[in-house]
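Working through the structure, step by step
Spelled out from the first residue to the last, the chains are:
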Amino acid sequence: MGRITERLIRSRAEHNEGMVSTLEEVALHQQNIEKIEALGQLCPKLKILYLQNNLIGKIQNLHKLKELEYLNLAVNNVTKIQNLQRCESLKKLDLTINFVSKAGLLTVQSLRHNIHLEELYLLGNPCADWPGYRQFVVAKLPHLAKLDGQAIKPSERIAAAQALPELEATLAAELAAEGVDVAAAGQVEDDSLYDEDGIAPGVVPETGYVDEAGEVRRPWCPATRILEHREQEKANREAEEKKKAAAENKAVVEPTPGKPQRRDEMPPLEDGERVYQKNEGRWDFSLEESADGRALVLEVGVGKFLDTSLIQTDLQPTYVRMLVKGKLLQLLLPCEVRPDAATAQRNMTTGQLMISMPKENPDEPITDVSKLRPRVPGTSGIASASAVAAASAAAAAAGRGGAGAGAAAGRAAGAAGGGSGTSIYNIVKKPGDGDFVMKEVRKAAVVAAGDDDDDEPPAL
């Protein structure tokens, strides 16, 4: 149920800079308004008022609008013309498509007090179907210039005045035959749609009945319009609440296994917790043993346009984890490796990332081959020559130790990889930290000095 409030009027008064006290025109159509209220107090200067396409059942609370010239109440639930006697300036009244019945014609005479009224529209009302409707209205309102958009000619006015006594008698007889109290039908003081049967305002009685098919049938009347509107309003409110609840539930629903959420950091692993194989990003990877059997080689196709800052690596003796663009790749290793001696190499042409992980016990063969994933299915799971060279260099660097071990391993892997390995990453462990990060080491171009053994610097 819509109501006429100051906030509603102010929102429709933008053309008047939001001022309601001096407002002369306001459009309140299609607001589901059931009662006219507050306009006389808030907008006493109104001249044009649009209230069409609402649910108004009674013309009321307009007596303070002394300057009102045009009132549009088309497509509402009005049954009687009343409470407009004090709107002295009213010139045009539109009651198209309402519920003014044949008995409601008796209330037309209340407009005699509106001496400036020139235009009246009653098309679409039940009263317009009565044969003597036009003559009756023209005779009752001698100051009217137009009825339903058609000008009233002087000859038509004279003929209507002559036929008025006969029309009044015919109308009274027909209403009496239909059981209508003529005297009560002409009353225009405090009549309304809601309280004429002693029902409290706002309570609309059910007008329908249930037919044989179990469906509710309602006659077309003002009460039916209000009932259907309130039912639709309730259904819309329930649907909105259901939609809101579904949105709130969706926000707390855990992601489905097929669509994991993006991670901001490595998920923690407790001591003794079982490590599962995971590939949330569905990356193309291979896990193979080097040709000499001294290292494991992991290759991951992360894409050539992926920035290295989006890759996090955690290498442990029994498993390796990578976080690529927030998607986790977690693999169990078939044997123990040495994280501190591992190296990583990335091909800047294809973006392929290769991690070489020396075994803890190089002489022991791998027994759990189910954890290996050869690059070519059905093969023995032996890494390529470049991977073997990188793994060998990493193992040699680990054996020598010292501060230059990482750089030496990087140079060896770069040389073995040829033009494809343009950037080498050493996986080193931070002091006091359990995570591993990739550190970039650029290859340095070495220029051979030939056979010249002179230690003196060249002349400038």
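Residues numbered from 1 in each chain as written. Predicted model: local features only at pLDDT ≥ 70, side-chain atom pairs only at ≥ 80, totals over all residues. Heavy atoms only, no water.

In plain terms, the rule: UniProt positions are given in the numbering used here, feature names are shortened, and annotations may be inferred rather than shown by experiment.
Per an unreviewed UniProt entry, the protein carries the name Dynein axonemal assembly factor 11-like CS domain-containing protein and comes from Chlamydomonas incerta. According to its UniProt record, the protein has this under Sequence similarities (unreviewed entry): "Belongs to the tilB family." Turning to the protein, the UniProt annotation filed under Subcellular location (unreviewed entry) states: "Cytoplasm, Cytoskeleton, Cilium axoneme".

1. Topic: the overall build of the protein
Here is the rule we go by: Numbering of helices and strands runs from the N terminus; a helix is a DSSP stretch of H or I covering at least four residues, while a strand is a stretch of E covering at least two. The buried label goes to any residue with under 20% of its type's maximum accessible area, the exposed label to any with over 50%, and the partly exposed label to all in between, with areas taken from a 1.4 Å probe on protein chains only. For the area figures, the Shrake-Rupley method with a 1.4 Å probe applies, and any residue is considered shielded solely by the protein chains shown.
Tallying secondary structure elements over the protein gives eight helices and 19 strands in all. Residues counted as buried form 41% of the 460 residues belonging to the protein. Of the roughly 25700 Å² of accessible surface on the protein, 51% is carried by carbon and sulfur atoms.

2. Regarding the pattern of salt bridges
Filter applied, for reference: What counts as a salt bridge is simple: a side-chain nitrogen of Lys or Arg found within 4 Å of a carboxyl oxygen of Asp or Glu.
Per the counting criterion, the structure on display carries 13 salt bridges. Among the salt bridges present, the one from Arg-10 reaches Glu-6, with a minimum N-O distance of 2.5 Å. Here Arg-10 and its partner Glu-6 are both found in helix H1 (residues 6-11), four residues apart, which amounts to about one turn of the helix. Between Lys-102 and Glu-174 there is a salt bridge, with its nearest N and O atoms 3.1 Å apart. Of this pair, Lys-102 sits in the loop between strand E4 (92-94) and strand E5 (119-121) while Glu-174 sits in helix H4 (residues 154-177); the two residues are 72 residues apart in sequence, bridging distant segments of the chain. Residue class for Glu-174 comes out partly exposed when judged on its relative accessible area of 27%. Through salt bridges with shared partners, a single network forms among Lys-102, Glu-174 and Glu-178.

3. Some words on the nonpolar core
Counted only if it meets this: Working definition of a nonpolar core: buried Ala, Val, Leu, Ile, Met, Phe, Trp, Tyr and Cys residues. They are joined through side-chain atoms within 4.5 Å. The contact definition used throughout considers only heavy atoms, calling two residues in contact when any of these lie within 4.5 Å.
Judged by nonpolar contacts, the single largest core of 56 residues is most densely connected at Leu-49, Leu-51, Leu-62, Leu-71 and Leu-93. Elements supplying a minimum of two residues to this core: H1, helix H3 (133-140) and H4. Ranked by residues supplied to this core, first place goes to H4 with six residues. Those residues in contact with Leu-93 that sit more than four places away from it in its chain are Leu-71, Ile-81, Leu-84, Leu-111, Leu-117, Glu-119, Leu-120 and Tyr-121. Counting 25 residues, the second-largest nonpolar core is a separate cluster that includes Leu-287, Ile-311, Leu-333 and Ala-342.

4. Things to note about the sheet that holds strand E2 (residues 48-50)
Defined as follows: At least two DSSP bridges between two strands are needed for those strands to be called paired.
Here seven strands make up an open sheet; going across it, the order is E1-E2-E3-E4-E5-E6-E7 and the pairing mixed. Here the strands that pair on one side only, and so sit at the sheet edges, are strand E1 (25-27) and strand E7 (150-151). Pairing geometry for strand E6 (residues 146-147) and E7, over two bridges, is antiparallel. Of the residues in E7, the one forming a bridge with Leu-147 is Gln-150.

5. Describing the packing of aromatic side chains
Stated formally: Aromatic pairs are defined between Phe, Tyr and Trp rings, using the six-membered ring for Trp, whenever the two ring centres lie within 6.5 Å; interplanar angles under 30 degrees are classed as stacked, those over 60 as edge-to-face, and all others as tilted. Charge-over-ring placement is defined geometrically: NZ (Lys) or CZ (Arg) within 6 Å of the ring centre, and within 35 degrees of the ring normal.
Throughout the structure, instances matching the rule amount to two aromatic pairs. Seen from their ring centres, Tyr-50 and Tyr-70 are 5.6 Å apart, and the 85 degrees between their planes marks the pair as edge-to-face. Residue Tyr-50 is found in strand E2, and its partner Tyr-70 is found in strand E3 (residues 70-72); the two are separated by 20 residues along the sequence. Tyr-70 sits in the buried class, given a relative accessible area of 16%. Here the aromatic rings of Trp-130 and Phe-136 are separated by 6.2 Å at their centres, their planes lie at 80 degrees, and the arrangement is edge-to-face. In this structure Trp-130 comes out as buried when scored by relative accessible area, which is 8%. In this structure, Lys-92 is placed above the aromatic ring of Tyr-70, and the distance from its NZ or CZ to the ring centre is 4.7 Å. The ring of Phe-285 carries Arg-373 above its face, with NZ or CZ at 4.3 Å from the centroid.

6. Considerations on H3
Of all eight residues in H3, seven are buried, a share of seventy percent or more. Within H3 the residues assigned to the buried category are Tyr-133, Arg-134, Phe-136, Val-137, Val-138, Ala-139 and Lys-140.

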